[in-house]
Amino acid sequence: MTKTSRSRAGRSRIVLALIFLFAILAVGLRAGEAEAFAVGHTSVTYQDPARGNRSIPTEIYYPAATAGENVPVAEGLFPIVTFGHGYLLPYDIYAFVWNGLVPDGFIVALPRTEGGLTPSHGEFGKDLAFLVAKLRAEGANSSSLFYERVSDAAAVMGHSMGGGASVLAAAEDPTITALANFAAAETNPSAVAAAGSIEVPALLLAGSRDCVTPPSQHQIPMYDALASDCRTYVNITGASHCQFAAYNFTCSLGETGCPSPTITRAEQHGTTIEYLSLWLDFHLKGNASSWVQFQDLLASDGRVTFLQECAITSVARGESGVPLSSRIELAARPNPFNPSTTILVSLPERAAARLLVYDARGRAVRTLLAREIPAGTTPVDWDGTDDGGVPVPSGAYFSRIETSAGARTAKLILVR
């Protein structure tokens, strides 16, 4: 073989090796990562015959093979998310929501109703619930853009007024799968009262710098009232009310006098979507690994404080039988109390545990326990002081026990 032929043969082997390597990488990428969908969009006005043919102009963003207006929906069955805007706020300042969820395979519908000075919270909640039923029906309508593209799983969501309306929507229709919202506001009729009839999983996101709908007066009462067997409250440190949307002058005006956020709008959006997408992926698509990631993120994330009471944590980790988390008990005697109370922690088996006390804004004020404890009931005293030994003020607090088997939260009332 000549020097030239050997050189050509060597180059050929290198080219074949590179082709083989790229093929392996391509297969690995396809196997390990789901391809993101493009964002399609359509505008439609529906009528609700049950309310005198009430018109509901709606913007719908959906998974598509190519981005554009009225383009075909991508192949697959996609869960529904309906989202309500805040008071006097336009729908389009929530682009980060649909841009964050649609590529992961969710249909996001935003009604443009109740945008005036005197909105009906009750009708807005019914609009959100109606859109769930309507889009489900569209999935069975052979003439619809969404024919055979809609799954029955659905979540109602919203921000501020729309967040409170999402609670009313979940109470309106018990077939709705899940409830999530941002800085949800108390409404008329009362979202707090409506929460008492809601048994579906719920995720309430809040901002620690929110003085428009302070968590202690809005989201915490809703969380506390929920009848759900899996509820989570996530307070984003440094987040404000209006940064749950793009900049809007009206919203900014409403924050006059509020403390400034200590994180950027992009950071707040990123944290919100990170939690929301994992949570929805589990509750609307049944992806157990997303629930594990959600729980691990909660446990390790210094960007947030949280409350949670869920009976499904151990089930999501693949365990069989009755979940251990459903057999964890937490109570306090006396309650209300002054100056101290005894928190009774009951575990089904020996486990490493952390017992913390949170204030009404979701901030940890005292770590009472961080060690392995035996099966049965362990009494732990709390004298109403924080980790520095300083007495905390009167009010509502939450004790939370965390173990590898699950967690449980109980409300405490301190009266000085």
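Keep in mind it's a predicted model, so treat the numbers as computed, not measured. Just so you know, the residues in each chain are numbered from 1, in the order the chain's sequence is written. It should be noted that, the model being predicted, local features are given only for residues of pLDDT at least 70 and side-chain atom pairs only at 80 or more, the latter also being counted only at that level, while totals for whole chains, interfaces and linings use all residues. To get the side-chain values, take all heavy atoms of the structure and skip hydrogens and water.

Colleague: Explain the overall build of the protein chain here, please?
Modeller: Helical segments are the DSSP runs of H or I of at least four residues, strand segments are the runs of E of at least two, and each set is numbered from the N terminus. Summing up its helical and strand segments, the protein chain has 10 helices and 17 strands in all. Here the protein chain holds 416 residues, and 53% of them are scored as buried. Whether two residues are in contact is decided by their heavy atoms: any pair within 4.5 Å suffices. Contacts spanning at least 24 positions in sequence make up 65% of the contacts within the protein chain whose residues lie at least 6 apart. Throughout, the Shrake-Rupley method with a 1.4 Å probe supplies accessible areas, and for residues the shown protein chains are the sole cover considered. Here the protein chain has roughly 17,900 Å² of accessible surface; of this, 55% comes from carbon and sulfur atoms. Only protein chains enter the accessibility calculation, which uses a 1.4 Å probe; a residue whose area is less than 20% of its type maximum is buried, one above 50% is exposed, and one in between is partly exposed.

Colleague: Honestly, the pattern of salt bridges in this entry has me stumped. Any pointers?
Modeller: Any two side chains of opposite charge can pair if their charged atoms end up close together. Here, a salt bridge means any side-chain nitrogen of Lys or Arg that lies within 4 Å of a carboxyl oxygen of Asp or Glu. This structure, assessed with the given rule, holds 16 salt bridges. Residue D301 is joined to R303 by a salt bridge in which the shortest nitrogen-to-oxygen separation is 2.9 Å. Classification of D301 as buried rests on a relative accessible area of 10%. The partner of E402 in a salt bridge is R354, and the shortest N-O contact between them spans 2.8 Å. With E402 in strand β16 (residues 395-403) and R354 in strand β13 (residues 351-359), the pair connects residues that are 48 residues apart, well separated along the chain. What makes R354 partly exposed here is its relative accessible area of 37%. Within the structure, one salt-bridge network assembled from shared partners comprises D48, R51, R54, E114, E123, K126 and D127.

Colleague: I tried to follow a nonpolar patch on the surface on my own but got confused; where do I start?
Modeller: A contiguous nonpolar surface patch, about 380 Å² in accessible area, is contributed by Y247, F249 and L253. The exposed category is assigned to F249, whose relative accessible area is 55%. Only residues whose relative accessible area exceeds 30% and that form no salt bridge enter a patch; like-charged residues are grouped when within 9 Å of one another, and nonpolar side chains (Val, Leu, Ile, Met, Phe, Trp, Tyr) when within 5 Å.

Colleague: What exactly am I supposed to notice about helix α4 (residues 161-172) here?
Modeller: Three or four residues apart is the spacing at which side chains of an α-helix point the same way, because the helix has 3.6 residues per turn. By this rule, a helix spans an expected 1.5 Å times one less than how many residues it contains. Taking 1.5 Å per residue, 12 residues should reach 16 Å; α4 reaches 16 Å between its end C-alpha atoms and fits that length. For α4, the set of buried residues is M161, G162, G163, G164, A165, S166, V167, L168, A169 and A170. Packing partners of the buried residues in α4 comprise β4 (78-84), α3 (121-138), β6 (150-158), β7 (178-182), α5 (191-195) and α6 (219-225).

Colleague: Before we go on, may I ask you to explain unusual backbone geometry in this structure?
Modeller: For residues that are not glycine, phi is negative in most cases, and the peptide bond is trans in most cases. Following N188, the chain continues into P189 via a peptide bond in cis, with omega recorded as 10 degrees. Mapped onto the fold, P189 is located in the loop between β7 and α5. In this structure, the amide linkage connecting N338 to the following residue, P339, adopts the cis form with an omega of 5 degrees. Along the chain, P339 falls in the loop between β11 (329-333) and β12 (341-347). The residue N70 is not glycine, and still its phi comes out positive at about 55 degrees. For E148, which is not a glycine, the phi torsion comes out positive at approximately 60 degrees. Secondary-structure assignment places E148 in the loop between α3 and β6.

Spatial relationships are all this shows, so hold off on functional conclusions.
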